Amino acid sequence: MLTPEILDTFRGLLDEARASGDREPTAMNLATVDGTGRVHSRIVLLKAIDELGLRFFTNYESAKAGEIAEHKQVALCFHWKQIREGIQVRFEGRASKVGDAESDAYFASRPRGSQIGAWASKQSQELPDRQTFEERVAHFEKEFAGRDVTRPPHWGGYLVEPDRIEFWYGATFRLHERIVHTDHGTSWTSRLLYP
Ligand SMILES: Cc1cc2nc3c(=O)[nH]c(=O)nc-3n(C[C@H](O)[C@H](O)[C@H](O)COP(=O)(O)O)c2cc1C
């Protein structure tokens, strides 16, 4: 469970990043490890954060989903270049699928084009040519014509429950400040680290 202080700090920084004109303030790097120990990373969007953790949405048959199934430990990293003198926030923790009701609710809030895309995209699988994808989009547009697009069973959210969080504050002459918060099960401790 995240402490109110950590949540407030994160939300305050995210609000600053939004106000700064950052085009993708919720973009975060997600690093995963597969069963052989190979590390993979890519950007996903943060859709919610509360005391339980951070939520993002994706295809449950994607490469990242396979890696999370093999190895639940993940890392998330935000970098907001435009605020203060640059901020980095790192989270480490375990990822698990959110419940169907939560995925349904978020899916229903997405633009229709994104909903169709979730059906049409076999995310991370080899695509023979662009036309094949466009045909799949057209197929699902026809299938859902005149009615709401339901959530595909292969699409949903993950909750990352962090047990280590680091705030890095940029500063002139490289006197950056690093504060790391660690969850010990019943309480969190905070330490400074050399930059
Ligand atoms: C700004 C940005 C936001 C993205 N947001 C998401 C997202 O929220 N969910 C997602 O599945 N992919 C998102 N992607 C695409 C992923 O980076 C990635 O290409 C895709 O999820 C496939 O990753 P995988 O093959 O490792 O599973 C985003 C990419 C960018 C550049």
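Criteria and cut-off values
Residues numbered from 1 in each chain as written. Predicted model: local features only at pLDDT ≥ 70, side-chain atom pairs only at ≥ 80, totals over all residues. Heavy atoms only, no water. UniProt positions renumbered as here; feature names shortened; annotations may be inferred. Helix = DSSP H or I, 4+ residues; strand = E, 2+ residues; numbered from the N terminus. Core = buried A, V, L, I, M, F, W, Y, C linked by side-chain atoms within 4.5 Å. Buried < 20%, exposed > 50% of the residue type's maximum accessible area, 1.4 Å probe, protein only. Contact = heavy atoms within 4.5 Å. Near = heavy atom within 4 Å. Polar contact = N/O pair within 3.5 Å; in protein donor to acceptor, adjacent residues only side chain to side chain. Areas by Shrake-Rupley, 256 points an atom, 1.4 Å probe, with all protein chains shown as cover. Nonpolar A, V, L, I, M, F, W, Y, C, P; charged D, E, K, R; others polar.

Following the UniProt record, one finds the feature "domain: Pyridoxine 5'-phosphate oxidase dimerisation C-terminal" (unreviewed entry) at residues 155-195. Helix and strand shares over residues 155-195 are 0% and 68% respectively, and the end C-alpha atoms of the span are 39 Å apart.

Among the nonpolar cores identified, the biggest contains 35 residues, and Phe 10, Phe 78, Trp 80, Val 89 and Phe 91 are the most heavily contacted of them. Of all elements in the fold, only α1 (4-19), β1 (27-33), β4 (53-59), α2 (63-70), β5 (73-80), β6 (87-97) and β7 (155-169) reach the threshold of two or more residues within this core. The residues contacting Phe 91, other than those within four sequence positions of it, are Phe 10, Ile 49, Leu 54, Val 74, Ala 75, Leu 76, Phe 78, Pro 162, Arg 164 and Ile 165.

All right, on to the site of the ligand then. As a matter of local geometry, the ligand sits amid Arg 42, Ile 43, Val 44, Leu 45, Phe 57, Thr 58, Ser 62, Ala 63, Lys 64, Gln 123 and Ser 124. Interatomic distance of 2.8 Å between a side-chain N/O atom of Arg 42 and an oxygen atom of the ligand. One nitrogen or oxygen atom from the main chain of Ile 43 is found 2.7 Å from an oxygen atom belonging to the ligand. If the ligand stood free it would expose 620 Å²; the protein chains cover 63% of that surface. When its residues are assigned to classes, the shell around the ligand shows five nonpolar, four polar and two charged.

Here we take up unusual backbone geometry. What you tend to see is this: most non-glycine residues have negative phi, and most peptide bonds are trans. Even without a glycine there, the phi angle at Arg 84 is positive, about 45°. Within the fold, Arg 84 resides in the loop between β5 and β6. At Ser 124, a residue that is not glycine, the phi angle is positive and equals roughly 80°. Take Ser 124: it is sitting in the loop between α4 (112-120) and α5 (130-143). Under the relative-accessibility criterion, Ser 124 is labelled exposed at 52%.

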